[in-house]
Every structure is written in structure tokens, then in C-alpha cells.
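Spelled out from the first residue to the last, the chains are:
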Amino acid sequence: MQGTAKAHSNIALIKYWGKRNEKLILPANNSLSMTLDQYYTTTTVSFDPYLETDQFLFNDNQANEKERARVSRFLDQIRSLTKTNYHATVTSINSVPTAAGLASSASGFAALAAAASKALDLDLDKRTLSRLARLGSGSACRSIYGGFVEWQKGNRNDGMDSYAAPVAPSEHWNLAMVIACVDITRKNVSSREGMNASVRTSPFYQGWLTTVEQDLIKAKRAVLARDFEKLGSIVESNALKMHAVALGANPPIIYWQEPTLSVIEKVQALRKAGVPAYFTIDAGPNVAVLCEQQNVPVVHETLLEVPDVMNLKICYPGPDIA
Ligand code: PMV
């Protein structure tokens, strides 16, 4: 009753921001992501009739109670699909320290869903696995596939049509994302809280909904045509719109820190100097800079100049879950 899985994280090119159903984690809009080769989680789940509670070891340490409870609630959903009521030991290792806070819930819940279903011999297809991972963390449903992935929001109330589907495999385009981790010591508003507050209180949320669909269509087309500048400009503007929605919430949500803006300025300076590079930012201060493979050295060099960037990681499209 043991299973292991490795899932790669993903960064959204067109963001998921806002839910139409909180409990089933059904999004208000489709989203598009790139799976990352360098960020992944490897998880082993062992169900054990002698355990009295679920255990969660994360990067060789006991996870805190909040994290353990979240994992346990997710396992409850898997247990409810089967006849087992055994508890489990979950051991997860992240390829990068989680303090960097980079999309680790996406790879984390995708790996957990796959490892737990292997441990229970469920033999789920990728679509079912994607739906299951979604219940742990929305963005996790996209981490089932490598390359470029779309999460279809679906329309049904039961969520059966809300899952990810591949747009293009990793070999399609060796697009690079240089990820700049900035200071992460300050406490953040989680993406869950941030998007809920945006839906409830931001006057800009309607504007988000009326433009995101077109953004996604254009971005998908640009991925398929490998049109870098078209993709980059849509990705950047989509991320800025998401942050504008959050800034408009009441109370306002500001995810950026000083170095975030410094990285943005560097990216703009790169473009002025003739190097096509574009940024995207999730619900936090870190910046992912998109560029073509031949420009990775100059982008990397330039970002190294930004004070308070703690770590730069060069990522390319990663593989499917295994
Ligand atoms: O799936 P969550 O709850 O981690 O939310 C992800 C939200 C963003 O990262 C900001 C956007 C996205 O589509 O990944």
C-alpha cells in the first residue's frame, strides 16, 4: 500500500484568479501554464493500518499542524473514493527549498494525488488525476502534464468537466523562464485568500473576467505558433491585470516587494536594449522572466545585478507527472 510520484511545478502564463465554487475549487476562468523542469516534488504515500493519524514529513522535517491537516483533508477525499480508512505516512521532498515559495502547492498536490492513488492501486487516467489534484490546490491540476497546459474551467456544478489538458508537449518549444526569488521573509496573503477577496471586493474583477478569455485564446495561439513577442506581451499584461485586481481589493492586497519592481525595471531595460524578455508574477513577490533560449545568458547576467534577488533559477518546459 505504498506509492511514489514525481510532479513538476508550473507557472501560469494566463492566470487563474477567482473561483466559481470554493469547495470544489472550480475556477471562474480558463488558465494556461508552463510546467517547469527544475521545480518538482517527489512524494511517497504509505497507508498503514496501525497508524492513528496521518503523518506528513516535508523535506525531512515534521510539517506543521496546518500543513499536516491540509494533507490529511486531501487524503480524506481519496479515502472516500475507496474502501480504505487507513491513515498514511506522506514523505515529500521538494527540489528547491520551500521557503522560496514557488508554486510548491502545484507540484505538491499533484504528486500527492498520484502517489496516494498508486498506493491504493486506483489506476487513474490523467484526466481523473487532474480533477483529483485540483481538489488539493487549483493550479495542481495543471502539473499532471508537461510542457504547455490549459486548465479548462468547465461549466458543470459537480466539477467533472474542470481539468487540465495538454496544449503542447515540452519538446514543442524550449522557452526559458528565469525565476528571480526575492526576499520571502514577509508574511504573504495566500493565493486562496487573495483571489477570494478580489472576487468579493475588487471593482476591477469584472474587468478581469471580460478580458481574460481573449488573453487565453491569443496566448494559446502564440504558444502554438512559437511567437515569442506575442506571447510575452500577453503574459505580462495578464499578470499586471491580475495584480491590479488584487490592488483594488478592500483591504488592498499588495504582493510586490521592492526587488519585485527592480526586476520589472530590469526587464523593461532589457527590452529597450533590444532583448525580448517579459515577466509574470504569481501571488507573491517573485518574478519569472520569460525569454528565448539564446537570450538566457544576458537575462541571467542582468538579473544578477538586482540587489536582494536571493536566487535565480533557469527553467525550461518540464515533463509529465511520473
Ligand atoms: O492553485 P493556487 O491556490 O495555488 O492558486 C494559484 C494562483 C496563481 O498562482 C496566482 C495563478 C495560477 O494560475 O497559478
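One can find the structure itself at the top, above this paragraph.
These numbers come from a predicted model, not from an experiment.

**Things to note about the overall build of the chain**
When helices and strands are counted, the chain shows eight helices and 13 strands. Each principal axis of the C-alpha distribution contributes one length, and for the chain these read about 65 × 40 × 40 Å. Of the contacts formed within the chain by residues at least 6 apart in sequence, a portion of 76% connects residues at least 24 apart. Of the roughly 14300 Å² that the chain leaves accessible, carbon and sulfur atoms contribute 51%. Charged side chains of the chain number 33 positive and 31 negative; the gap between the two group centres comes to 6 Å.

**As for unusual backbone geometry**
Cis geometry is adopted by the peptide bond preceding proline 251, which originates at asparagine 250 and carries an omega value of 0°. Tracing the sequence through the fold places proline 251 in the loop between helix H6 (228–247) and helix H7 (258–272). Even without being glycine, isoleucine 25 reaches a positive phi, approximately 50°. Look at arginine 226: it is not a glycine, yet its phi comes out positive at around 50°. Among the secondary structure elements, arginine 226 is positioned in the loop between helix H5 (205–225) and H6.

**What about the site of the ligand?**
Residues in contact with the ligand amount to 14 residues; listed here are only the nearest, Tyr16, Ser137, Ser139, Arg142 and Ser191. Side-chain polar atom of aspartate 282 to an oxygen atom of the ligand: 3.4 Å apart, as the coordinates give it. Considered on its own, the ligand offers 380 Å² of accessible surface; in the complex 92% of this is hidden by protein. Grouping the constituent residues of the shell around the ligand by class yields six nonpolar, five polar and three charged.

**Looking at the packing of aromatic side chains**
The tally for this structure, following the rule as stated, stands at six aromatic pairs. Ring centres of tyrosine 16 and tryptophan 151 lie 4.7 Å apart, and the angle between their planes is 65°; on these two criteria the pair is classed as edge-to-face. Of this pair, tyrosine 16 sits in the loop between strand E1 (2–14) and strand E2 (19–21) while tryptophan 151 sits in strand E8 (residues 148–152); the two residues are 135 residues apart in sequence, bridging distant segments of the chain. Stacked on the ring of tyrosine 40, the Lys or Arg lysine 6 has its end atom at 4.3 Å from the ring centre.

Here is what the cut-offs are and how they apply
- Residues numbered from 1 in each chain as written.
- Predicted model: local features only at pLDDT ≥ 70, side-chain atom pairs only at ≥ 80, totals over all residues.
- Heavy atoms only, no water.
- Helix = DSSP H or I, 4+ residues; strand = E, 2+ residues; numbered from the N terminus.
- Contact = heavy atoms within 4.5 Å.
- Areas by Shrake-Rupley, 256 points an atom, 1.4 Å probe, with all protein chains shown as cover.
- Lys, Arg positive; Asp, Glu negative; His and termini not counted.
- Charge placed at Lys NZ, Arg CZ, Asp CG, Glu CD.
- Near = heavy atom within 4 Å.
- Polar contact = N/O pair within 3.5 Å; in protein donor to acceptor, adjacent residues only side chain to side chain.
- Nonpolar A, V, L, I, M, F, W, Y, C, P; charged D, E, K, R; others polar.
- Phe/Tyr/Trp six-rings, centres within 6.5 Å; stacked < 30°, edge-to-face > 60°.
- Lys NZ or Arg CZ within 6 Å of the ring centre and 35° of its normal.

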